[in-house]
There are 2 protein chains.
Amino acid sequence: MDKKYTIKDIAKMAGVSKGTVDRVLHNRGKVSPAALDKINEVLNVIDYEPNLIARNLKNTKIYRICVLLPDPEIDSYWLPCINGIQEAITEFKAYGVVIETHYFNPESKKSFLSTNQTIIKQSPDAVLIAPLFHKETLEIVKQYDELEIIVNTFNNQIESESIKSFVGQDLYKSGRVAASLMSLILTEGQIAIIHIDESLKNAVHMQEKEKGFRNYFDEKKIADFSLTTLKLKHPNVETKFSAFLEENSNLKGIFITTSKAYQIAAILSSLKDKKIALIGYDLVEKNVNFLNQGLVHFLIHQNQTRQAYLGVSTLAEHFLFRKDIPETILLPIDIINVENASFYVS
Amino acid sequence: MDKKYTIKDIAKMAGVSKGTVDRVLHNRGKVSPAALDKINEVLNVIDYEPNLIARNLKNTKIYRICVLLPDPEIDSYWLPCINGIQEAITEFKAYGVVIETHYFNPESKKSFLSTNQTIIKQSPDAVLIAPLFHKETLEIVKQYDELEIIVNTFNNQIESESIKSFVGQDLYKSGRVAASLMSLILTEGQIAIIHIDESLKNAVHMQEKEKGFRNYFDEKKIADFSLTTLKLKHPNVETKFSAFLEENSNLKGIFITTSKAYQIAAILSSLKDKKIALIGYDLVEKNVNFLNQGLVHFLIHQNQTRQAYLGVSTLAEHFLFRKDIPETILLPIDIINVENASFYVS
DNA sequence: TTAAATAGTGTGTTCGAGCACATTTTTATT
DNA sequence: AATAAAAATGTGCTCGAACACACTATTTAA
């Protein structure tokens, strides 16, 4: 019933040689109608699926996949990606898939462009990139397209005909999730939406989250809340935020659209009397620490590990097993609090 | 650097034949100290990893894995497992792994035992079972052990030396997660912990969740809450619960320890004025409907699909790639509300 | 000293798909 | 009818690990 049929089996059943069966299976032509009929008849009865192991054994071609992401030493947000990539390396090594990771400086468009040139020199079969810069990405994607190199993206979504796939999260909806949690903690008062980033590369990213967050409160028509947006940048996060705090004594909640919630939590921890609800992103160590201390109430898990893994593995499986590359893979928006955090940190 | 070495490569480098290399790699003896030294020298320099594809191609052995779980037609809780198992079937079919699913009647210990006998007759290499009945499980596990059939379990944890692995959730902690969410929705009042089940097979299951739930409130020392436990069983869920509602007018929240939250939600939906917080388990369709209607506030996702998939895949990978079977795999306790539910329902 | 036993080594085959190439059969052309 | 051309079909090798088996060299027992 579930017997595994081989080409040889089919050949015997149809009374032809395996070469003829092979030609039929691959539409290589040079087959008489009589033989074609006989073989098709057999194929209709049995359920033939080629043995992928044997197929890949013969295949001596080495598939090259390059991954391009910001240097995790500059922005630790990207650190988990390494694990996801490593996982894929281990899994597909045996099949002759070589995966190379390249880093660029997230502060520098030039670095992004030049690293892409380095990758092109490697002439990979596919690339997976974190497209931080919109215009520059479109530029280099065109180059990859001309060289027939498949381009996948993750984390940041960019629209382009030449991009085969995107792995990431629905940021708008994740903003809504944050808002739904915030409205559970608070009943009224002022809520600040804070964008903290070393540089402002992630503008679109953060705005989508803000839109979703605001939309939730708009929709619910809860007039008891007032929402304020605040942008903070590296050297003067503390001074600016402290000033903001003093000016807004009715502040009850903060939604931080990046993984830097710990910076705000650190400042709040020194103010004993303040009870402010904090919701942020990502299970970076410092965030989890503040979660355990009770200063951060919820974190939304963006699961970069899995983003990177899926980005690479869909490519590898495309080459090896001829699987389709899904256009978009949206990862679930995991809600993390102090009680379930330990199950998500790998 | 990342070159893939074959046995032939090693043989050439060490100046011996591939047969000798093979004997060294598998400790099959019959190798002179001189040859051993030469080969070990080469092995220390290069990083040899056998090609798993080639290894499994030769291996014509068919591995049999039987999965035993309650009939999803009797209890739809188990329905998602089928998808997880199907996924594993597809993935490992090419490697000669045959996976068979067997159902038993969750109401009947006799059915559990007899289905196990049917499985034993198939003489599988391993089984994955949902051990609903404690005593009976220990009994049949002993039989499997004598026949050298590997036993894995999922969903329900049972302690036994002969059980190699468990895939599931930390139920105690999931109770705590539920409590943490409940204490966010409510500030005071009475909370009911309701155990609903067709039969009372899952006693331990439900109790663990209750313990965690209660422990959270005990720990937080919030005196404003009072917790009551209620057990409901099939024919008279509605009547009993209605009576309970009338007697307890201060009821503010309900924690349902099984996947039957929709039964309570349905009753509550007819009572317009009541505003009761509802937290339950599992993304069964009816639960998600009430989540979308706003009658259920949170669901905890037990991810049976993945439980079943992992239970089988660890076994398959053990046979095929000689991977270790992890003793316990605890799946994350996913928190679901109306905003992120769509990403979890497959 | 010779036969038998054992240690050590190498060769050859298998798994299934895929493809190059050799061989046979059919059709077209003069 | 003879020959060339084209079409159809079959054979045989490859990939890498695994293992059976054959073979040589050395040791042991009679």
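Only a predicted model underlies this, so the values are computations on that prediction, with no experimental measurement involved. Residue numbers here run from 1 along each chain, matching the order of that chain's written sequence. Labels are handed out in written order, letters beginning with A for the chains and numbers beginning with 1 for the ligands. Only residues with pLDDT of 70 or above have their local features reported here, since the model is predicted, and side-chain atom pairs are shown and tallied only from 80 upward, although totals for entire chains, interfaces and linings are computed over all residues. With hydrogens and water stripped out, all remaining heavy atoms of the structure feed into the side-chain values.

A word on the pattern of salt bridges
Basic side-chain nitrogens of Lys or Arg form a salt bridge, by our definition, when they fall within 4 Å of a carboxyl oxygen of Asp or Glu. Per the stated rule, a full pass over the model turns up 22 salt bridges over all chains. Of the charged contacts in the structure, one is a salt bridge between A:Lys323 and A:Glu317, with a shortest N-O distance of 3.5 Å. Note that B:Glu208 is salt-bridged to B:Lys211, the shortest N-O span being 3.4 Å. Of the two residues, B:Glu208 and B:Lys211 are both situated in helix H9 (residues 203-220); the distance of three residues between them amounts to about one turn of the helix. Secondary structure elements follow DSSP: runs of H or I no shorter than four residues count as helices, runs of E no shorter than two count as strands, and numbering proceeds from the N terminus.

Describing the protein's contact with DNA strand C
Of all residues adjacent to DNA strand C, which total 27 residues, the nearest are A:Ile7, A:Lys18, A:Tyr48, A:Arg55 and B:Ser17. Here a residue counts as near a molecule or strand whenever at least one of its heavy atoms sits within 4 Å of it. Counting only the atoms of DNA strand C that lie within 4 Å of the protein, the sugar and phosphate share comes to 64%. A:Arg28 places a polar side-chain atom, nitrogen or oxygen, 2.7 Å from a phosphate oxygen of DNA strand C. Within 3.5 Å is the distance limit for a polar contact, defined as a pair of N or O atoms, with the added protein rule that one can donate a hydrogen and the other accept it, and that residues adjacent in sequence qualify only through two side-chain atoms. With respect to DNA strand C, the side chain of B:Ser32 contributes an N or O atom lying 2.7 Å from a phosphate oxygen.

Regarding the UniProt feature "domain: HTH cro/C1-type" (unreviewed entry) in chain A
UniProt positions are given in the numbering used here, feature names are shortened, and annotations may be inferred rather than shown by experiment. Summarizing the sequence annotation, UniProt attributes the feature "domain: HTH cro/C1-type" (unreviewed entry) to residues 3-53 of chain A in the numbering used throughout. Between the first and last C-alpha atoms of residues 3-53 of chain A the distance is 16 Å; the span itself is 61% helix and 0% strand.

Here we look at the UniProt feature "domain: HTH lacI-type" (unreviewed entry) in chain A
UniProt's feature table lists "domain: HTH lacI-type" (unreviewed entry) at residues 5-59 of chain A, given in the numbering used throughout. A distance of 21 Å separates the end C-alpha atoms of residues 5-59 of chain A, which is 65% helix and 0% strand.

What about the domain arrangement of chain A?
Annotation of chain A at the domain level lists domain 1 (7-50), domain 2 (63-168 + 305-332) and domain 3 (171-301). A C-alpha centroid distance of 30 Å is found between domain 2 of chain A and domain 3 of chain A. Each domain's limits were defined by an automated method or a database of domain assignments.

Side note on the side chain of B:Ser165
Residue and element names in this part refer to chain B. On the secondary structure map, Ser-165 appears in strand E5 (residues 163-168). Relative accessibility decides the category of a residue: with a 1.4 Å probe and only protein chains considered, values under 20% of the type maximum give buried, values over 50% give exposed, and everything between is partly exposed. For Ser-165, a relative accessible area of 2% gives the class buried. A polar contact is formed between the side chain of Ser-165 and the backbone oxygen of Pro-326, at a distance of 2.8 Å. Note on contacts: a residue pair is in contact if any heavy atoms of the two residues lie within 4.5 Å. Setting aside its immediate chain neighbours within four residues, Ser-165 contacts Val-151, Asn-152, Thr-153, Ile-325, Pro-326 and Glu-327.

Examining the sheet that holds strand E3 (residues 126-129) of chain B
Residues and elements named next belong to chain B. Here, a strand pair is defined by DSSP locating no fewer than two bridges between the strands. Taken together, the six strands give an open sheet; going across it, the order is E2-E1-E3-E4-E5-E11, and neighbouring strands pair in parallel fashion. Taken across any chain shown, the strands that pair with only one partner, and hence form the sheet edges, are strand E2 (97-104) and strand E11 (328-330). Strand-to-strand, the axes of this sheet are offset by a mean angle of 15°, without reference to chain direction. The pairing of strand E1 (residues 63-70) with E3 spans four bridges and is classified as parallel. Bridging from a neighbouring strand, Cys-66 pairs with Val-127 of E3. Lines are fitted to the C-alpha atoms to define the axes, a helix being fitted only along its stretch in contact, and any angle between axes, read from their N-to-C directions, falls within 0 to 180 degrees. Sitting on the sheet, helix H7 (residues 134-146) is in contact with E3, strand E4 (150-154) and E5, with an inclination near 170° to E3.

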